[in-house]
Amino acid sequence: MGDRYRAGLGLLILTASAGCGGPQSVFSAGGADALQINRLFTVMLVGAVLLWLSLNGLFLYVTRRSPGRMSRKLAEGVIIGGGIVLPLVVLTALLSWGLSIMPDQRAPGDGLRVRITGEEFWWRVDYYAPGSQEPVVSANELRLPAGRRTEIELLAGRVIHSFWVPGLGGKTDMIPGRTTRMSLEPVTPGIYRGQCAEFCGASHALMAMNAVVLEEAAFARWLEAEAAPARAPEGEGQAIFFREGCGACHAIRGTPAAGVVGPDLTHLGSRTTLAAGILPMERAAMVSWIANAEAIKPGVRMPAYGHLSKAELEALAAWLEALE
Ligand code: CUA
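Residues numbered from 1 in each chain as written. Predicted model: local features only at pLDDT ≥ 70, side-chain atom pairs only at ≥ 80, totals over all residues. Heavy atoms only, no water.

## Concerning the overall build of the protein chain
If you tally the helices and strands in the protein chain, you get nine helices and twelve strands. Computed over the C-alpha atoms, the radius of gyration of the protein chain is 26 Å, more than 25% above the 20 Å expected from 2.2 N^0.38 for a compact globule of 324 residues. Along the longest, intermediate and shortest principal axes, the C-alpha atoms of the protein chain span 95 × 55 × 35 Å. Burial analysis of the protein chain (324 residues in total) assigns 39% to the buried set. By element, 65% of the accessible surface of the protein chain is carried by carbon and sulfur atoms, the whole surface being about 17,200 Å². When the 29 positive and 29 negative side-chain charges of the protein chain are each reduced to one mean point, those points stand 13 Å apart. (Helix = DSSP H or I, 4+ residues; strand = E, 2+ residues; numbered from the N terminus. Rg over C-alpha atoms; globule rule 2.2 N^0.38 Å. Buried < 20%, exposed > 50% of the residue type's maximum accessible area, 1.4 Å probe, protein only. Areas by Shrake-Rupley, 256 points an atom, 1.4 Å probe, with all protein chains shown as cover. Lys, Arg positive; Asp, Glu negative; His and termini not counted. Charge placed at Lys NZ, Arg CZ, Asp CG, Glu CD.)

## A word on the nonpolar core
Among the nonpolar cores identified, the biggest contains 35 residues, and Ile116, Trp123, Tyr127, Leu142 and Phe163 are the most heavily contacted of them. Taken together, the elements giving at least two residues each to this core come down to strand E1 (113–119), strand E2 (122–128), strand E3 (136–139), strand E4 (141–145), strand E5 (150–156), strand E8 (180–184), strand E10 (208–214) and helix H5 (216–227). Top element by residues in this core is E10. It accounts for five residues. Ranked by size, the runner-up nonpolar core spans 28 residues in total, among them Ala230, Ala257, Met281 and Ala315. (Core = buried A, V, L, I, M, F, W, Y, C linked by side-chain atoms within 4.5 Å.)

## Examining the packing of helix H2 (residues 32–64) against helix H3 (residues 72–100)
For the pair H2 and H3, interaxial distance at closest approach is 11 Å and the crossing angle is 170°. Accordingly, the angle class assigned to the pair H2 and H3 is roughly antiparallel. For the pair H2 and H3, the contacting residues are Arg39, Leu40, Val43, Met44 and Leu51 in the first and Leu86, Val90, Leu94, Trp97 and Gly98 in the second. Each residue belonging to the contact of H2 with H3 can be placed in one class, and the counts come to eight nonpolar, one polar and one charged. (Axes fitted to C-alpha atoms, helices over the stretch in contact; angles between N-to-C directions. Parallel < 35°, antiparallel > 145°, perpendicular 65-115°, else oblique. Contact = heavy atoms within 4.5 Å. Nonpolar A, V, L, I, M, F, W, Y, C, P; charged D, E, K, R; others polar.)

## Observations concerning the environment of Ser100
Following the sequence through the fold, Ser100 ends up in helix H3. Here Ser100 falls in the partly exposed class, since its relative accessible area comes to 43%. Looking at Ser100, its side chain comes within polar contact range of the main-chain oxygen of Trp97, at 2.7 Å. (Polar contact = N/O pair within 3.5 Å; in protein donor to acceptor, adjacent residues only side chain to side chain.)

## As for the sheet that holds E3
Pairing is mixed in the open sheet, where five strands are placed in the order E3-E2-E1-E5-E8. Every interior strand has two partners, whereas the edge strands, E3 and E8, have only one. Adjacent strand axes in the sheet meet at a mean angle of 25° when their direction is disregarded. Relative to E3, E2 is paired through four bridges, and the arrangement is antiparallel. Paired with Asp126 across the strands is Val137, a residue of E3. Along the sheet, H5 contacts E2 and E3; its crossing angle with E3, the most-contacted strand, is approximately 95°. (Pairing = 2+ DSSP bridges.)

## Side note on a nonpolar patch on the surface
Side chains of Leu58, Phe59, Leu60, Tyr61, Val62, Leu74 and Val78 sit close together on the surface and give an oily, nonpolar patch of about 640 Å² of accessible area. Those elements giving two or more residues to the nonpolar patch turn out to be H2 and H3. Ranked by residues supplied to the nonpolar patch, first place goes to H2 with five residues. Within the fold, Leu74 resides in helix H3. (Patch = residues over 30% accessible without salt bridge, like charges linked within 9 Å, V, L, I, M, F, W, Y side chains within 5 Å. Salt bridge = Lys/Arg side-chain N within 4 Å of Asp/Glu carboxyl O.)

## So, helix H6 (residues 236–243)
Restricting attention to buried positions, one finds in H6 the residues Gly237, Gln238, Ile240 and Phe241. Buried residues in H6, looked at end-on, bunch into an arc of 160°, giving them a common side. Residues of H6 that are exposed and angled more than 90 degrees away from the buried face: Glu236 and Arg243. Contacts from the buried residues of H6 go to helix H9 (310–321). (Arc of directions from axis to C-beta.)

## Digging into the sheet that holds strand E9 (residues 190–195)
In space, the three strands of this open sheet follow the order E4-E10-E9, with mixed pairing throughout. Each having just a single partner strand, E4 and E9 make up the two edges of the open sheet. Taken pair by pair, the neighbouring strands of this sheet meet at an average axis angle of 25°, ignoring direction. Relative to E10, E4 is paired through five bridges, and the arrangement is parallel. Looking at the pairing, Arg143 lines up with Val212 of E10. Of the strands in this sheet, E4 and E10 touch H5, which is tilted by about 135° from E4.

See below:
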């Protein structure tokens, strides 16, 4: 094997294994559903490797043996046993097991209901506490209590999307005009990255979201804070926000801003990311986003505010960050 091939193979293995960890991986499972999928995958992989090895072993054996010495009975046994009976048994067992875990994956939630709507290119996230018809409106971040099964309703705006947080569970399509559902039971608190998994337009790859799993008590405290109106400080940033008409698209509860076209910004500063999972929640990122969102996320409907001075952008970003 030449050096170049060896380097290429090494790079391939490295690239392939780089996808096996981190916050957006089926292999770093933090939820009951993902663990189950993980187990299914492992069993299938080990089974496939064993079958591949035995088949190749058999192949080597027959090619090194002179023909004619195998009895007809044995040959028929190999064909019927290995070609019909074995696959039938293995595939039936795998199919039955695969089907048997589906009811668990689709089990109804036991309290909280979250309605997530795929937009271009962000997520509407509405929380319905048990017994409540009034949602707590949020966006671009999903928070879930550990140890509970949460019912997830999935909707879509104009185009199809797919909701997927690999560390927590499987993926489900979001289809305009229809409501699909799934449920998730996170186990380990932490941050799991989700990604839109169905091509939805220019910025499909830039449509992500963090799922933050909290202990049950911490989640209850968070939901209560999220339900409260914004505690926005008075100041220049606020004046710029309303002067520029931002409130026509964005809502900030507790202020006159009540737009529903864009993401709700009531507690924007408390989220872990900006622009649906693609930017850190930091001043510089916020400034560049407001100045020219299209340059960061092609196809986004938010216009550029490049006409604002650097000082104005800073003031606006500071005010938005203070919305905790
Ligand atoms: Cu939304 Cu792809």
